[in-house]
Amino acid sequence: MPRHFLKLTDFSLSELEALLKEAIRLKQDWKKGKTSKPLSNKTLAMVFEKSSTRTRVSFELACVQLGGHALSLSTSSSQLGRGETYEDTARVLSRYADAIMLRTFDHDNLEAMAKVASVPVINGLTDLFHPVQILADLQTILEKRSSLKDMTLAYVGDGNNLANSWIHAASLFGFELRVSCPQTFHPHESMVELALSKKNIHFEKDPKKALKGAHVVYTDTWFSMGQEVDKAKKRIFAPYQLNDFLLKNADPKVGVMHCLPAHRGEEITDEVIDGKHSWVWDQAENRLHAQKALLLALMKDH
Ligand code: CP
Ligand code: NVA
């Protein structure tokens, strides 16, 4: 059975700690111009059923900079769009490539691929989780704060794939996580159940209270890919907008994070995303390095 990365908890705490350390080292080496080609002759096949800028470019360049090759398919340009099953696609891609990355809607599609693939399968985002984003985010926090301990992270907005993945991260690393979402937009029920079983994860409907003294504040779009944009939902989310006024409740040295793409003027204002507390460009940059560490962990000896 190959090793897959479908969710953050597919790796143990010590494996994730080692991976993040490696990501930081790879970044430092890259900046110094030190390169090596441990993935030479290896290929990553990427399948995108949703749009992407960061995931597509950072995975491709991560692979290429490590000496490998990456290619990408979309639903419309592949036979998936004509109904070829995820299983058959995985069986065939496994014969050509050394790892498969899939960005899809239903998490079950990813599970279906992973079940039959004979090479590692990576989650490039599903409706349920976005674990490769969290790797880069954890790397960013480590670089900024030197530790993932003694930290409160407030997640405000929609209880989506990022919120679900943050619950996984807090359950593994043990930092305090406050999740602040409108009543009807809570994280997935299995993640709520996991959160309620952990002393360090709390739900706080009031975003001001959730941000009180927080060291890191995270938000994401109110309308994830595949969801319809509607005005009524915008009104429900309005109190959760990350603006200067809300941010005043956080620690004076707070870092602001957003996985991007941002919907400026909706979940986050220009002042905040472009302001002195913003870490968003560093997190985007770290997608490259965190994913290099992930590709090495999964593909190097495959
Ligand atoms: N954050 C993220 O996954 O961005 P893309 O949708 O551009 O890949
Ligand atoms: N929650 C967002 C994340 C985009 C990277 C979405 O799924 O569209």
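Our subject in this report is the structure included herewith. (Residues numbered from 1 in each chain as written. Chains lettered and ligands numbered in written order. Predicted model: local features only at pLDDT ≥ 70, side-chain atom pairs only at ≥ 80, totals over all residues. Heavy atoms only, no water.)

## Here we look at the site of ligand 2
(1) Moving on: In the region of ligand 2, the neighbouring residues are Leu125, Asn160, Asn161, Leu162, Asp220, Thr221, Ser224, Met225 and Leu260.
(2) Moving on: Between ligand 2 and Asn161 there is a distance of 2.8 Å, counted from a nitrogen atom to a side-chain nitrogen or oxygen.
(3) Moving on: Contact between ligand 2 and Asp220: a nitrogen atom at 2.6 Å from a side-chain N or O atom of the residue.
(4) Moving on: Isolated, ligand 2 exposes 270 Å² of accessible area, and the fraction of that covered by the protein chains is 95%.
(5) Moving on: Placement of ligand 2 is best described as lying within the largest pocket.
(6) Moving on: In the shell around ligand 2, the residues fall into 4 nonpolar, 4 polar and 1 charged. (Near = heavy atom within 4 Å. Polar contact = N/O pair within 3.5 Å; in protein donor to acceptor, adjacent residues only side chain to side chain. Areas by Shrake-Rupley, 256 points an atom, 1.4 Å probe, with all protein chains shown as cover. 1 Å grid on protein atoms, 1.4 Å probe; cavity = no way out; pocket = protein on both sides within 12 Å on 5 of 7 lines; lining within 4 Å. Sits in = over half its atoms within 2 Å of the grid points. Nonpolar A, V, L, I, M, F, W, Y, C, P; charged D, E, K, R; others polar.)

## Regarding the site of ligand 1
(1) Moving on: Taken together, the residues surrounding ligand 1 are Ser52, Thr53, Arg54, Thr55, Arg103, His130, Gln133, Cys259, Leu260 and Arg287.
(2) Moving on: Within the side chain of His130, a nitrogen or oxygen atom sits 2.8 Å from an oxygen atom of ligand 1.
(3) Moving on: The backbone of Cys259 places a nitrogen or oxygen atom 2.9 Å from a nitrogen atom of ligand 1.
(4) Moving on: About the coverage of ligand 1: the protein hides 96% of its 260 Å² of free accessible area.
(5) Moving on: Judged by the proximity of its atoms to the pocket grid, ligand 1 belongs to the largest pocket.
(6) Moving on: Looking at side-chain class alone, the shell around ligand 1 contains 2 nonpolar, 5 polar and 3 charged residues.

## Brief notes about the environment of Leu242
(1) Moving on: Here Leu242 shows up in the loop between helix 9 (231-237) and helix 10 (244-247).
(2) Moving on: A relative accessible area of 0% means that Leu242 is categorised as buried.
(3) Moving on: When the C-alpha atoms of Leu242 and Trp166 are compared, they prove to be 18 Å apart, with 76 residues separating the residues in sequence.
(4) Moving on: Apart from the residues lying within four places of it in its own chain, the contact partners of Leu242 are Leu211, Val217, Thr219, Leu247, Val256, Glu267, Ile268, Thr269 and Val272. (Helix = DSSP H or I, 4+ residues; strand = E, 2+ residues; numbered from the N terminus. Buried < 20%, exposed > 50% of the residue type's maximum accessible area, 1.4 Å probe, protein only. Contact = heavy atoms within 4.5 Å.)

## Here we look at a nonpolar patch on the surface
(1) Moving on: Nonpolar side chains collect at one region of the surface, where Val57, Leu61 and Val64 lie side by side and expose about 210 Å² of accessible area between them.
(2) Moving on: Considering the arrangement of structural elements, one finds Leu61 in helix 2 (residues 54-65).
(3) Moving on: Relative accessible area serves as the criterion here: at 37%, Leu61 is assigned to the partly exposed category. (Patch = residues over 30% accessible without salt bridge, like charges linked within 9 Å, V, L, I, M, F, W, Y side chains within 5 Å. Salt bridge = Lys/Arg side-chain N within 4 Å of Asp/Glu carboxyl O.)

## Some thoughts on the layout of surface pockets
A probe as big as a water molecule, rolled over the atoms, marks out the empty space that is left.
(1) Moving on: Taken as a whole, the largest pocket holds about 300 Å³ of empty space.
(2) Moving on: Around the largest pocket, the lining is made up of 22 residues, and of these Arg103, Leu125, Met225, Leu260 and Pro261 lie nearest the centre.
(3) Moving on: Of all the elements in the fold, those that place two or more residues in the lining of the largest pocket are helix 2 and helix 6 (161-173).
(4) Moving on: There is about 230 Å³ of room inside the second largest pocket.
(5) Moving on: Every residue lining the second largest pocket is counted, 14 residues in all, and those nearest its centre are Asp127, Gly159, Asn160, Asn161 and Gln227. (Points joined across faces, edges and corners; volume = space filled by probe spheres on them.)

## What about the pattern of salt bridges?
(1) Moving on: In this structure the tally under the stated criterion is 14 salt bridges.
(2) Moving on: Residue Arg91 is joined to Asp88 by a salt bridge in which the shortest nitrogen-to-oxygen separation is 2.8 Å. Here Asp88 and Arg91 lie together in helix 3 (residues 86-96), a separation of 3 residues that amounts to about one turn.
(3) Moving on: On the basis of relative accessible area, Arg91 is assigned to the partly exposed category, the value being 42%.
(4) Moving on: Linking Asp270 and Arg264 is a salt bridge whose minimum nitrogen-to-oxygen distance equals 3.0 Å.
(5) Moving on: Among the residues examined, Asp270 registers a relative accessible area of 39% and is labelled partly exposed.
(6) Moving on: Overlapping salt bridges bring together Glu22, Arg25, Asp29 and Lys34 as one network.

## Description of the nonpolar core
(1) Moving on: Of all hydrophobic cores here, the largest spans 59 residues; its most connected members are Leu44, Leu153, Trp166, Phe175, Leu177 and Leu294.
(2) Moving on: Top element by residues in this core is helix 12 (residues 280-299). It accounts for 8 residues.
(3) Moving on: Not counting chain neighbours up to four residues away, the residues in contact with Trp166 comprise Ile134, Asp137, Leu138, Ile141, Leu153, Tyr155, Phe175, Leu177 and Tyr218.
(4) Moving on: Ala97, Ile100, Ala117 and Val121 belong to the second largest nonpolar core, which has 17 residues in total. (Core = buried A, V, L, I, M, F, W, Y, C linked by side-chain atoms within 4.5 Å.)

## Topic: the pairing of strand 6 (residues 176-180)
(1) Moving on: Among the 5 residues of strand 6, 4 are classified as buried, and the element is accordingly described as predominantly covered.
(2) Moving on: The pairing of strand 5 (residues 152-156) with strand 6 spans 5 bridges and is classified as parallel. Looking across to strand 6, one finds that Ala154 is bridged to Arg178.
(3) Moving on: Assessed by its sense of winding, the connection that carries the chain from strand 5 through helix 6 to strand 6 is right-handed.
(4) Moving on: Judged from the 3 bridges that link them, strand 6 and strand 7 (residues 201-203) form a sheet pairing that is parallel. For Val179, the partnering residue across the bridge sits in strand 7 and is Phe203.
(5) Moving on: Assessed by its sense of winding, the connection that carries the chain from strand 6 through helix 7 (residues 189-196) to strand 7 is right-handed. (Pairing = 2+ DSSP bridges. Right-handed = clockwise from strand over helix to strand, strands pointing away.)

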